[in-house]
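Chain residues, written in single-letter form:
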Amino acid sequence: MTDKFDKAPAGSPAGQAPVSKGATPAPENIKAIPVPHVGRWISGIVVIGLLAVLGYAFSQGNIQWHAVGDKLFDSSVVAGAGRTLLISVLAMVLGVVLGVVLAVMRLSKNPVTSWVAWLYIWFFRGTPVYVQLLLWFNLALIFPVLNIPFIYKDEMTDVMTPFMCALLGLALNEAAYMAEICRAGIQSVDEGQTEASHALGMTQAKTMRRVVLPQALRVIIPPTGNEFINMLKTSSLVYAVTYNELLRSTSQIGSTSYAVMEMLFVASIWYIVMTSVFSVGQYYLERRFARGSLRSLPLTPLQRIKVNLAAFSNRPSGGVSA
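All figures in this text were calculated on a predicted structure; none of them were measured in a lab.

Thresholds, definitions, all that
- Residues numbered from 1 in each chain as written.
- Predicted model: local features only at pLDDT ≥ 70, side-chain atom pairs only at ≥ 80, totals over all residues.
- Heavy atoms only, no water.
- Patch = residues over 30% accessible without salt bridge, like charges linked within 9 Å, V, L, I, M, F, W, Y side chains within 5 Å.
- Areas by Shrake-Rupley, 256 points an atom, 1.4 Å probe, with all protein chains shown as cover.
- Salt bridge = Lys/Arg side-chain N within 4 Å of Asp/Glu carboxyl O.
- Helix = DSSP H or I, 4+ residues; strand = E, 2+ residues; numbered from the N terminus.
- Buried < 20%, exposed > 50% of the residue type's maximum accessible area, 1.4 Å probe, protein only.
- Lys, Arg positive; Asp, Glu negative; His and termini not counted.
- Contact = heavy atoms within 4.5 Å.
- Phe/Tyr/Trp six-rings, centres within 6.5 Å; stacked < 30°, edge-to-face > 60°.
- Lys NZ or Arg CZ within 6 Å of the ring centre and 35° of its normal.
- Expected span 1.5 Å × (residues − 1).
- Pairing = 2+ DSSP bridges.
- 1 Å grid on protein atoms, 1.4 Å probe; cavity = no way out; pocket = protein on both sides within 12 Å on 5 of 7 lines; lining within 4 Å.
- Points joined across faces, edges and corners; volume = space filled by probe spheres on them.
- Nonpolar A, V, L, I, M, F, W, Y, C, P; charged D, E, K, R; others polar.

Description of a nonpolar patch on the surface
Argument step 1. Taken together, the side chains of Trp115, Trp118, Leu119, Trp122, Phe123, Val131 and Leu135 make up a nonpolar region of the molecular surface, amounting to roughly 750 Å² of accessible area.
Argument step 2. Of all the secondary-structure elements, those providing two or more residues to the nonpolar patch are α4 (111-126) and α5 (129-137).
Argument step 3. A per-element tally of the nonpolar patch places α4 first, with five residues.
Argument step 4. Positionally, Val131 belongs in helix α5.
Argument step 5. Under the relative-accessibility criterion, Val131 is labelled partly exposed at 37%.

What about the side chain of Glu227?
Argument step 1. When you line up the elements, Glu227 lands in helix α9 (residues 204-234).
Argument step 2. Here Glu227 occupies a buried position and makes no salt bridge, while the nearest side chain of opposite charge, Arg125, is found at 9.2 Å.
Argument step 3. Setting aside residues up to four positions removed in sequence, Glu227 forms contacts with Met92, Glu174, Tyr177, Met178 and Ile181.

A word on the pattern of salt bridges
Argument step 1. One pass over the full model with this rule turns up three salt bridges.
Argument step 2. For Arg106, the salt bridge goes to Glu180, with nearest N and O atoms at 2.9 Å. Taken together, the positions of Arg106 in helix α3 (residues 75-106) and Glu180 in helix α7 (residues 162-187) put the pair 74 residues apart, joining distant regions of the chain.
Argument step 3. For Glu180, the salt bridge is made with Arg125, and the minimal N-O distance between the two is 3.7 Å. Remark: Arg125 occurs in helix α4 and Glu180 occurs in helix α7; sequence separation between them is 55 residues.

Regarding unusual backbone geometry
Argument step 1. Phi at Phe150 takes a positive value of approximately 65 degrees, unusual for a residue other than glycine.
Argument step 2. The backbone of Thr242 shows a phi angle near 60 degrees, a positive value even though the residue is not glycine.
Argument step 3. By the element assignment, Thr242 lies in the loop between α9 and α10 (246-257).
Argument step 4. Classification of Thr242 by relative accessible area gives partly exposed; the value is 37%.

Here's the deal with the packing of aromatic side chains
Argument step 1. Here the structure, examined in full by the defined rule, presents 10 aromatic pairs.
Argument step 2. For the ring pair Tyr120 and Phe124, a centre distance of 4.4 Å and an interplane angle of 35 degrees mean the geometry is tilted. One end of the pair is Tyr120 and the other is Phe124, both in helix α4 and four residues apart, which spans about a single turn. For the residue pair Tyr120 and Phe124, the accessibility class agrees, reading buried in each case.
Argument step 3. An aromatic cluster is built from Phe58, Trp65 and Phe265, whose rings are joined through pairwise contacts.
Argument step 4. The ring of Tyr239 has Arg248 sitting right over it, with the charged end atom 5.2 Å from the ring centre.

Regarding α10
Argument step 1. Taking 1.5 Å as the rise per residue, α10 with 12 residues should run 16 Å; its terminal C-alpha atoms sit 17 Å apart, in good agreement.
Argument step 2. Among the residues of α10, Leu246, Arg248, Ser249, Thr250, Ile253 and Gly254 are the ones counted as buried.
Argument step 3. The inward-facing, buried residues of α10 abut α2 (65-71), α3 and α11 (260-289).
Argument step 4. Just downstream of α10, Tyr258 is the residue with a positive phi angle, here 60 degrees.

Observations concerning the pairing of strand β1 (residues 145-148)
Argument step 1. With four bridges joining them, β1 and strand β2 (residues 152-155) adopt antiparallel strand pairing. Pairing of Leu146 across the sheet is with Asp154, part of β2.
Argument step 2. Linking β1 back to β2 in an antiparallel pair, the connection comprises three residues, with Phe150 at a positive phi of about 65 degrees.

A word on the layout of surface pockets
Argument step 1. A volume near 470 Å³ is recorded for the largest pocket.
Argument step 2. Leu107, Ile186, Thr194, Gln204 and Met208 are, among the 16 residues lining the largest pocket, the residues nearest its centre.
Argument step 3. When contributions to the lining of the largest pocket are tallied by element, the ones reaching two or more residues are α7, α8 (191-199) and α9.
Argument step 4. Looking at the lining of the largest pocket residue by residue, the classes come out as seven nonpolar, six polar and three charged.
Argument step 5. Considered as a void within the structure, the second largest pocket measures approximately 290 Å³ in volume.
Argument step 6. Around the second largest pocket sit 17 residues that line it, and Ile220, Ile221, Thr224, Gly225 and Leu285 are the ones nearest its centre.
Argument step 7. Among the elements of the structure, α3, α7, α9 and α11 are those that each provide at least two residues to the lining of the second largest pocket.
Argument step 8. With nine residues, α9 is the single largest residue contributor to the lining of the second largest pocket.
Argument step 9. Taken together, the residues that form the lining of the second largest pocket break down as 13 nonpolar, four polar and no charged.

None of the figures reported here should be taken as evidence of function without further support.
See below:
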């Protein structure tokens, strides 16, 4: 006679039927407990405290804030901002065109053109923009008359107006930096592209224009946008050659109304607005030229906001289920 053993699991209540091997008990819901980030809270409180102290300091300073609002859209200030934008755009266009020419000369196998381009870049990158502006402004001291035989002749003081000094000083300096940017973009294109175009019978100039430069734009565009934004701020240096741009316009108002700091705040606001607008344009321009190199373009800031809002609204209120 054999003994009968109870095959129910140990610890199970008496009389309860054992769970069959094929049945799987339903798991309980997992309650996700967020990890505390104490450091984030502390750093956030510290930053907010510092901003509050800075804001309180400016609120207690001897600043006529109503003057900032009154002069923000003054006719002379708006005209100065327009001249700042004009000189920046013209100088940037000339700088880009001359920079491309210098980059091609620098990469040329002709030693004369290569060394001339190198010498140009070396000089203009080695001297400050402020000094270059003063050199153009005082050019009449060494060349009283501009004489181009059979073409043009005039007094140098009439030729080198404040606008011309500002344009030449900014554009020629920018060309030196754009030459290096363009050279880096051209060298980023694989040499096989050039060899293939030559095998098809294309000339060197046509290869550069039709094959190399379009592909190099993807590398050239981002730093060019940064250079233009920097140009908007660098244009304030033409104050030295008496060109009536934004900084000079606000400074003239400040010197007559004794609101010097307030007008500097006005100029700063205009510079921030202009650089912000062009920064947005730069972002979308870079995104357009990145279409050929990325399989999927990154989301724009507006698209990220929509995705985050949709994810927040669709998030369950309870715990996370397994």
